[in-house]
Each structure stands twice: as C-alpha cells, then as structure tokens.
Amino acid sequence: MKNTVSKAIKIGLDDSTVMIYGESGTGKEMFAQSIHNISSRKKEPFVAINCAAISESLLESELFGYEEGAFTGARKGGKPGLFELAHGGTIFLDEINSMSLNLQAKLLRVLEEKEVMRIGSDYVIPLDVRIIAAANENLKGKIKNGTFRSDLFYRLSILELHIPPLRERKEDIIPLFMHYITTLSKKVCEFKLESKIEKKILNYSWPGNVRELRNVVQRYLIFQEVDLDENEMLEDNNELDNDENLLDLKQINKYVEEKVIQMLENSGMSKNEIAKKLGISRTALWRKGKC
C-alpha cells in the first residue's frame, strides 16, 4: 500500500487521464479524490458518479446534460451535465466497465475533442476536465469479448493505478480494524483485541475489502461480536498450534530411516553393506536400530 500511495502521489502531480483498478470496497474513490486534492486542479470541482448505479439513458443525460424539451420530462431551461459541472476540475467515473458501447463512443469523443454537446443541442461546450476512471474487473478481458472499446481503453489508461484487495495485504487488517475501533467508538479508552478475534479476522477473505471491514467494526461496537460469513473463511493455517496436532520432524525422520534400513535388510544386504550404502559407520547403524 505504501508503494500504491507513492505512485498515486506521482499521478496526482501529473494531469493525464487515469485508470484505477480495484475490487469493490478497496477505496478507488478515495484514491481518486486524493489524486485530485494534490493536483493543480485541487481548487476546482471534483465530481464523482457510479456508472453502474444509473440506467444508460439517465447516465447519458447526467454526464452530458440536456436542453429544454430534449425529451419527455426534461427540466425547463435544461440541465448542465457532470462534465460541465467539473469544468476546470476532475470527473471520476467509477465502474466504467459497466458503461454501454454507445456511451463509450460518446465519452471517447469528449476525450478526443475536449468538448461536450448536451442532449437536444446543436452546439458544443468547450471543456477543461481531467478524467479519472475506475473498474472492478480487467478491461482487457472486456476488450477481447467485445464489450469495451480498445480506443477508449488506451485513451483512459495513460496512467494506471492498481489497488490490492485486503486479503493480499493481511498485515493491514489488524491496524485498520483498530483504526476504525478508535474512529467509530464514542468512548475514549485503550482497547485490546482478543487473540481469538484477531485470528478470526485474519483468516477471513474480506470480499468487501476495507468497506466491509468498517461495517464489521460498526457491528462489533454494538453487539461485541465479530459477525463474519463462515463461507468466506480462508483455510486456517494456524490449526497446528495445538500440541496434539504438531508434527514432530525428528519422529518423521526416524520413521523414514527405519523404513529404509528395513528395506535394505529385506533385499539381503549385510549390516556392513547397509552402513556403506548409507555412508555411516556400523556403530551409527547400530544406534539407529536401538533408537
């Protein structure tokens, strides 16, 4: 994450379009907002929209705006789109992978021409907007199956940032859990996490990433229990902590040695021949037999 943040800072100091990759809940919008906040556009608007949360027809009018009478229900006097509202600043297009091919073509034109045309209008509006897009899946795969335009992909992917999922940075889980305990708790007191709870949250896959972890902490502060989906638990690599489950390597080696010596004896070899074969003395062979 330190490397990711370091890269994001360098991206923020540039003004090129950015493509952010990350699973749901990893903090893509937070990174986009931070990139805007350290850029030369920081005093101008930061406008964010989730492309997956709005229908195609509504998304088009939200992005590009419309003129009065452009369609049934259009607002009197028309409405500026988000690109216009973000003029001089940054627009963040989250889950752009869900955008239709039709809208992708219109977005590409905005990128190339640096201008936008409202729905129902016959004139263009010049734009000065930085675009940061985000996706929760690999866009190259969508290009191969024909659901994402390659020309738009290469226009958006001048700079790329990949945010790792929480399960791939397990060393962050406990500090983040404690951070949210501190920030979400109304009580100011020293808090210590029980070892069994630590073990449980470390062995969870966190499909909802940091957003899910924050929700779990909120529930924990209310009910004093960690509520996790048992189906998302990772294989417990610490199950061998109990003494009865510990594997004794000395016992394993002793067992293997005995089996090898027994196999050689069964083949008709003498003690001297077996000792020579194993590269040990006759006395050492005798000791092994006595152990």
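This write-up is about the structure you can find in this document. Because the structure is predicted, anything quoted here is derived from the model rather than measured. (Residues numbered from 1 in each chain as written. Predicted model: local features only at pLDDT ≥ 70, side-chain atom pairs only at ≥ 80, totals over all residues. Heavy atoms only, no water.)

### A short note on the overall build of the protein chain
So the rule is basically this: Working definition: helices are DSSP H or I runs of at least four residues, strands are E runs of at least two. Numbering for both runs from the N terminus. Working definition: with a 1.4 Å probe on protein chains only, accessible area under 20% of the residue-type maximum means buried, over 50% means exposed, and in between means partly exposed. The criterion used for residue contact is that any of the two residues' heavy atoms lie within 4.5 Å. Accessible areas in this description were obtained via Shrake-Rupley with a 1.4 Å probe; residue shielding takes into account the shown protein chains only.
Tallying secondary structure elements over the protein chain gives 13 helices and nine strands in all. The 291 residues of the protein chain split such that 37% are buried. For the protein chain, long-range pairs separated by at least 24 residues make up 73% of all intrachain contacts whose partners lie at least 6 apart in sequence. Counting every atom, the protein chain has about 17700 Å² of accessible surface; 50% of that belongs to carbon and sulfur.

### Details of helix 10 (residues 209-223)
One turn of the α-helix equals 3.6 residues, which is why residues spaced by three or four share an orientation. Our working rule: Take the number of residues in a helix, subtract one, and multiply by 1.5 Å to get its expected span. It is the directions from the helix axis to the C-beta atoms that the arc portrays.
Here helix 10 spans 21 Å end to end across 15 residues, near enough to the 21 Å set by a 1.5 Å rise per residue. Of all the residues in helix 10, the buried ones are N209, V210, E212, L213, V216, V217 and Y220. Along helix 10, the residues classed as buried sweep out an arc of 150° about the axis, all on the same side. Residues R211 and I222 are exposed on helix 10 and point more than 90 degrees away from its buried face.

### A closer look at the environment of I119
As for its position among the elements, I119 is in the loop between strand 6 (115-116) and strand 7 (125-126). You can call I119 partly exposed: its relative accessible area is 22%. Taking the C-alpha atoms as reference, I119 lies 9.6 Å from K79; in sequence the two are 40 residues apart.

### Focus: the pattern of salt bridges
How we decide: A carboxyl oxygen of Asp or Glu within 4 Å of a side-chain nitrogen of Lys or Arg is what we treat as a salt bridge.
Within this structure, the stated rule accounts for twelve salt bridges. Measuring nitrogen to oxygen at the nearest pair gives 3.6 Å for the salt bridge that ties R219 to D227. Look at R219 and you get partly exposed, because its relative accessible area is 31%. D227 sits in the partly exposed class, given a relative accessible area of 45%. Three or more residues are tied together by salt bridges with common partners; here these are D15, R41 and D128.

### Describing the pairing of strand 5 (residues 90-94)
Most of strand 5 is tucked away: five of the five residues are buried. Residues T90, F92 and D94 point to one face of strand 5 and I91 and L93 to the other, with burial holding for every one of them.

### Regarding the pairing of strand 8 (residues 130-135)
The cut-off we apply is this: Should DSSP find at least two bridges between two strands, the strands are regarded as paired.
For strand 8, the buried fraction is high: six of the six residues fall into the buried class. The alternating pattern of strand 8 places R130, I132 and A134 and I131, A133 and A135 on opposite faces, both of which are buried. Sheet analysis places strand 1 (residues 18-21) next to strand 8, joined by four bridges and oriented parallel. In the strand pairing of strand 8, V18 is matched with I132.

### Brief notes about the layout of surface pockets
How we decide: Cavities and pockets were defined on a 1 Å grid built over protein atoms only: a cavity is a set of grid points that admits a 1.4 Å probe from which the probe cannot escape, a pocket is an open set flanked by protein on both sides within 12 Å along at least five of seven lines, and lining residues are those with an atom within 4 Å of any such point. Grid points are joined across faces, edges and corners, and a volume is the space filled by probe spheres set on the points. How far each domain reaches was decided by an automatic or database domain assignment.
One number sums up the size of the largest pocket: a volume of about 660 Å³. Surrounding the largest pocket, 28 residues form its lining, T26, G27, M30, F31 and V210 being those nearest its centre. Among the secondary structure elements, those contributing two or more residues to the lining of the largest pocket are helix 1 (2-12), helix 2 (28-37), helix 8 (173-184) and helix 10. At six residues, the largest contribution of residues to the lining of the largest pocket is made by helix 2. Formed jointly, the lining of the largest pocket draws a minimum of three residues from each of two domains, domain 1 (1-164) and domain 2 (167-223).

### A word on the side chain of S205
By secondary structure assignment, the location of S205 is in the loop between helix 9 (195-202) and helix 10. Here S205 falls in the buried class, since its relative accessible area comes to 9%. For S205, the residues in contact, after removing those within four places along its chain, are R167, E232 and L234.

### Quick look at the side chain of K79
Condition: Here a polar contact is recorded for every N or O atom pair within 3.5 Å, except that within protein the pair must consist of a potential hydrogen donor and a potential acceptor, and residues adjacent in sequence are included only if both atoms are side-chain atoms.
Residue position: K79 is located in strand 4 (residues 79-80). Using a relative accessible area of 17% as the deciding quantity, one classes K79 as buried. Side chain to side chain, K79 and E62 meet in a polar contact 2.9 Å long. Setting aside its immediate chain neighbours within four residues, K79 contacts E62, G65, Y66 and R118.

### Comments concerning the sheet that holds strand 8
The test is simple: Fitted lines through C-alpha atoms give the axes, limited to the stretch in contact for helices. The angle between two N-to-C directions lies from 0 to 180 degrees.
On the basis of which strands lie adjacent, the open sheet formed by five strands has the order 2-5-8-1-9 and parallel pairing. Edge strands, defined here as strands with exactly one partner in the open sheet, are strand 2 (46-50) and strand 9 (159-162). Looking at each pair of strands side by side, their axes are set apart by 15° on average, direction ignored. Direction of pairing for strand 1 relative to strand 9: parallel, over a ladder of four bridges.

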